[in-house]
Amino acid sequence: MNGFVVRGIRADEWRLAKALRLEALKDSAADIAFLETYEDAVARPDSFWQERALGAGEAAGGVRQFVAEAAGGEWVGSVTVLVEEAGSVDWAGLPVERRQGHVVGVYVRPEWRGGEVTPGLFEAGVEWAWEVGLERVRLLVHPENLRAQGAYRKVGFVPSGVSVPVGEGFGDFSGEVEIEFVRERG
Ligand SMILES: CC(C)(COP(=O)(O)OP(=O)(O)OC[C@H]1O[C@@H](n2cnc3c(N)ncnc32)[C@H](O)[C@@H]1OP(=O)(O)O)[C@@H](O)C(=O)NCCC(=O)NCCS
């Protein structure tokens, strides 16, 4: 495995972000990893990916996408941190009590798993969360996605005991229950 760097994406990199997302949605674990199908994602117009990259680019405040970039410029993994403001309602319709980060879109290419890429992405995402003053970082994971849960424990996340039902608007995923893992600010 060659070296890599972890960095935030730029808005003009939307094509690379789109390609990695579409690859993730074809992963053998995609059914229990993401609340979106490949078919839905591939049908989205370029403007969707452009706006998403703009939102997650360096000029943005409430969202930040980090990627692991291999020596040749290839993107080999990604995490995105969403800021959830205290007093707001989260995507599941539940109240947000503390100003926190929500990690989504966790994906590492198979040949880069089991090494330093996943911890590196989380280090960058969590560090950014503390920099912008978030009190804790959380994520949701499918109860059967044991590999992801193992990876999250290794980077300091623990189950909070909260289960979150997936609300309407997520197609066949609606009605599933995800479990919450959290990492408190140390
Ligand atoms: C989730 C993902 C980012 C994790 O990164 P990773 O580099 O594969 O994680 P690691 O292999 O370092 O860590 C996983 C840990 O869980 C363990 N594990 C793997 N499968 C397991 C299982 N079925 N049951 C219990 N533990 C398991 C591994 O042994 C490892 O722990 P160890 O290093 O102490 O042995 C990556 O696997 C991925 O992209 N998966 C597909 C997309 C996905 O599931 N995303 C998460 C959405 S919530």
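The structure this text deals with has already been given above.
These numbers were taken from a predicted model, which means no experiment stands behind them. (Residues numbered from 1 in each chain as written. Predicted model: local features only at pLDDT ≥ 70, side-chain atom pairs only at ≥ 80, totals over all residues.)

Caption draft 1: Fine view of the overall build of the protein. In terms of helices and strands, the protein carries six helices and seven strands. Listing the helices and strands of the protein from first to last along the sequence gives β-α-α-α-α-β-β-β-α-β-α-β-β. Computed over the C-alpha atoms, the radius of gyration of the protein is 16 Å, within 12% of the 16 Å expected from 2.2 N^0.38 for a compact globule of 186 residues. Seen through its principal axes, the protein has C-alpha atoms that stretch 40 × 40 × 35 Å. Within the protein, the fraction of its 186 residues that count as buried is 29%. Taking all contacts inside the protein whose residues are at least 6 apart in sequence as the whole, residues at least 24 apart take part in 63%. (Helix = DSSP H or I, 4+ residues; strand = E, 2+ residues; numbered from the N terminus. Rg over C-alpha atoms; globule rule 2.2 N^0.38 Å. Buried ≥ 20, exposed ≤ 12 C-beta atoms within 10 Å, placed from the backbone. Contact = placed C-beta atoms within 7 Å.)

Caption draft 2: Quick look at the site of the ligand. Taken together, the neighbourhood of the ligand is formed by 17 residues, with A33, R113, L146, G150 and A151 sitting nearest. At the level of elements, β4 (100-108) and α6 (146-154) are the ones that each hand at least two residues to the shell around the ligand. The dominant element in the shell around the ligand, judged by the number of residues it contributes, is α6, at six residues. Per-class residue counts for the shell around the ligand are nine nonpolar, four polar and four charged. (Near = placed C-beta within 6 Å. Nonpolar A, V, L, I, M, F, W, Y, C, P; charged D, E, K, R; others polar.)

Caption draft 3: Representation of the packing of helix α1 (residues 14-24) against helix α4 (residues 46-56). Look at α1 against α4: their axes get within 9 Å of each other, and the N-to-C directions meet at 105°. Comparing their axes, α4 and α1 come out roughly perpendicular. The residues of α4 that touch α1, namely those facing W14, A17 and K18, are W49, Q50, R52 and A53. The class makeup of the residues in the contact of α1 with α4 is four nonpolar, one polar and two charged. (Axes fitted to C-alpha atoms, helices over the stretch in contact; angles between N-to-C directions. Parallel < 35°, antiparallel > 145°, perpendicular 65-115°, else oblique.)

Caption draft 4: Quick look at the sheet that holds β4. In space, the seven strands of this open sheet follow the order β1-β2-β3-β4-β5-β7-β6, with mixed pairing throughout. The open sheet terminates on both sides in strands that have one partner only, identified here as β1 (4-8) and β6 (158-165). Averaged over all pairs of adjacent strands, the angle between strand axes in this sheet comes to 25°, irrespective of strand direction. The pairing of strand β5 (residues 136-141) with strand β7 (residues 177-184) spans six bridges and is antiparallel. Following the sheet pairing, L140 is matched in β7 by E180. Across the sheet, α1 lies against β2 (63-70), β3 (75-84) and β4, angled at about 100° from β3, the strand it touches most. Of the strands in this sheet, β1, β2, β3, β4, β5 and β7 are in contact with helix α5 (residues 117-131), which crosses β3 at around 25°. (Pairing = 2+ DSSP bridges.)

Caption draft 5: Representation of the environment of V162. Structurally, V162 can be placed in strand β6. Residue V162 is classed as partly exposed on the basis of its 13 C-beta neighbours within 10 Å.

Caption draft 6: A look at the pairing of β4. For β4, the tally of buried residues reaches eight of nine residues, placing the bulk of the element in the interior. As judged from the seven bridges shared by β3 and β4, these two strands associate in the antiparallel manner. If you follow E84 over to β4, its bridge partner there is Q100. Alignment of β4 against β5, held across four bridges, turns out to be parallel. Directly across from H102, in β5, lies its bridge partner R138. For the crossover from β4 across α5 to β5, the handedness is right-handed. (Right-handed = clockwise from strand over helix to strand, strands pointing away.)

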